[in-house]
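Here is how the chains run, residue by residue.
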Amino acid sequence: MGTRTFVNERVTFSAGRNLARGIDIPLALTVTALVVFGLIMLYSASFDFSFNEYGSSTYMFTRQMKWLALGIVAAFILSLFDYHNWRKVVVLAMLATVGLLIMVLLMNEIRLGASRTLYEGSYQPSEIAKLVAVIYLSVWLYAKRQFLHDVTLGLIPLGVILGIIGGLIYLQPDLSAAGTVLILGGLLFFLAGADIKQIVFLMILALVMGWVIVQFSVTGQDRVASFLAGWQDPTNASYHVRRSFEAVIKGGVFGVGLGQADTKLTGLPFAPTDSIFAVVAEELGLFGSILLMGLYGALVWRGLVIARRAPDMLGTLLASGITFWIGIEALINMAVMVGLMPFAGNALPFISAGGSNLVSTLCAIGIMLNISRQSSESSKMEENEWRSFGAVVDLRRGNGRRSVSRPRRSQRPNG
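Residues numbered from 1 in each chain as written. Predicted model: local features only at pLDDT ≥ 70, side-chain atom pairs only at ≥ 80, totals over all residues. Heavy atoms only, no water.

A. Highlighting the pattern of salt bridges. A full pass over the atoms with the stated rule returns 7 salt bridges. Residues D24 and R302 are paired through a salt bridge, measuring 2.6 Å at the closest nitrogen-oxygen approach. One end of the pair, D24, is in the loop between α1 (2-20) and α2 (25-54); the other, R302, is in helix α11 (residues 276-309), and 278 residues separate them in sequence. Exposure class is identical for D24 and R302. Each is buried. With its nearest N and O atoms 2.8 Å apart, the salt bridge here joins R243 to E246. Here R243 pairs with E246, and both are found in helix α10 (residues 239-251), just 3 residues apart, close to one helical turn. (Salt bridge = Lys/Arg side-chain N within 4 Å of Asp/Glu carboxyl O. Helix = DSSP H or I, 4+ residues; strand = E, 2+ residues; numbered from the N terminus. Buried < 20%, exposed > 50% of the residue type's maximum accessible area, 1.4 Å probe, protein only.)

Structure representation (structure tokens):
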């Protein structure tokens, strides 16, 4: 009986060790720190708003905890789901996402001057559309990697894909989300090995499209005009940015103390969501802001490490796209709050209130953990080659080297 118990314990321990094998511990710890940091700051930023709007000071915090539980379960499942199998289901996922984006326009739930949500504001399809766009583009570019230099088979189809996704999001209107999708598409196209001439053409086209949008979009015109006015004189910036400046100035180096900010109580717009970085700056000061930026920097670093060590080009594109997505979202949100960019509604990943963003971001982390696990299992013979930190930034050349010197891996079958 004792021997049987010992054997069962050993089997259980072995199974747990196999489950954890290959998990990128620094990434997992960084995400955990961001989530905990986010919950603390969310409660601090939302208790007054929650009480005034919902009659309970913990309403938004409790709701975020429910979304967090769902996101953790989804991340765990996706960490076990072989990322190569996305090739089997990504078309259905994209069709479902496009359907949801169309449904948003048809149902036309107007909130804060835009139609972006479903089910009385509880679900925002544009957030999951960013993740699905990264997955779809990664799979598509991987499948077409031999034809990307052909404009009719590479650049034009890419433009159609991005135009459909970005266009549907733009019509809501959600300029920041549409712009994020277009930027991610261009970055992935570059990493997949597209011709430099095509990249230059995309950049020029993006600038022209941006100019056209500003000329014909009232929202775009207002945001650019207020940004330029605030750049020349901060007192002429938009009300939102001026209140954010006020919070940052009050915070100083070490902040006024957790929960002690008063800007969130006196009219800082969207304190629990878009403006939560201003609350961080006021309550924790420059010290807390740098700490938060350091956590995002660590996440981007580990994401690029996973991308560089990925067993094949598909893994590299997925990990790179997810990493750039999270990094871009964080950068835009923080830059807007200190007046370095025109106003955009990008959430601060893991920190801002919002279930759609939190769940989709955690799902993305689950995919990266799966890539990390498979990288660990397949690269034992190449450990010295892939360990160099300097190689992290060499993603594009790494893709080409792997596709030539290790063709069997880059053409790994499904499953």
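Additional details are given in the paragraphs that follow.
B. Molecular detail of the packing of helix α4 (residues 86-107) against helix α5 (residues 125-143). The geometry of α4 relative to α5 is characterised by a closest axis approach of 9 Å and an angle of 145 degrees between their N-to-C directions. Where α4 crosses over α5, the two elements pack in a sense that is left-handed. For the pair α4 and α5, contact is made by W86, R87, V90, V91, A93, M94, T97, L100, L101 and V104 and by P125, S126, A129, V132, A133, I135, Y136, V139 and Y142, respectively. Class assignment of the residues belonging to the contact of α4 with α5 gives a composition of 16 nonpolar, 2 polar and 1 charged. (Axes fitted to C-alpha atoms, helices over the stretch in contact; angles between N-to-C directions. Left-handed = near helix turned anticlockwise from the far one by under 90°. Contact = heavy atoms within 4.5 Å. Nonpolar A, V, L, I, M, F, W, Y, C, P; charged D, E, K, R; others polar.)

C. Layout of the packing of aromatic side chains. Taken as a whole and assessed by the stated rule, the structure comprises 6 aromatic pairs. A centroid spacing of 5.7 Å and a plane angle of 80 degrees characterise the contact between Y43 and F61, whose relative ring orientation is edge-to-face. With Y43 in helix α2 and F61 in helix α3 (residues 59-80), the pair connects residues that are 18 residues apart, well separated along the chain. By relative accessible area, Y43 is classed as partly exposed at 36%. (Phe/Tyr/Trp six-rings, centres within 6.5 Å; stacked < 30°, edge-to-face > 60°.)

D. Geometry of α3. In this model α3 runs 33 Å from its N-terminal to its C-terminal C-alpha over 22 residues, within 8% of the 32 Å that 1.5 Å per residue would give. Buried within α3 are the following residues: M60, Q64, L68, G71, A74, A75, L78 and S79. One side of α3 holds all its buried residues, which, seen down the axis, span an arc of 140 degrees. Exposed positions of α3 whose direction lies more than 90 degrees from the buried face are K66 and I77. (Expected span 1.5 Å × (residues − 1). Arc of directions from axis to C-beta.)

E. Structural detail: a nonpolar patch on the surface. Residues I196, V200, I204, V208, W211, V212 and F216 make up a contiguous nonpolar surface patch of roughly 720 Å² in combined accessible area. You can call I196 partly exposed: its relative accessible area is 47%. (Patch = residues over 30% accessible without salt bridge, like charges linked within 9 Å, V, L, I, M, F, W, Y side chains within 5 Å. Areas by Shrake-Rupley, 256 points an atom, 1.4 Å probe, with all protein chains shown as cover.)

F. Up close: the nonpolar core. Ranked by size, the top nonpolar core spans 95 residues in total, and within it L292, L348, F350 and I367 carry the most contacts. For this core, the element with the highest residue contribution is helix α12 (residues 313-337), accounting for 14 residues. Non-local contacts of I367, meaning those with residues more than four positions away in its chain, are made with L78, W86, L131, I135, L318 and I322. (Core = buried A, V, L, I, M, F, W, Y, C linked by side-chain atoms within 4.5 Å.)

So far we have only geometry, and geometry alone does not tell us how the molecule works.
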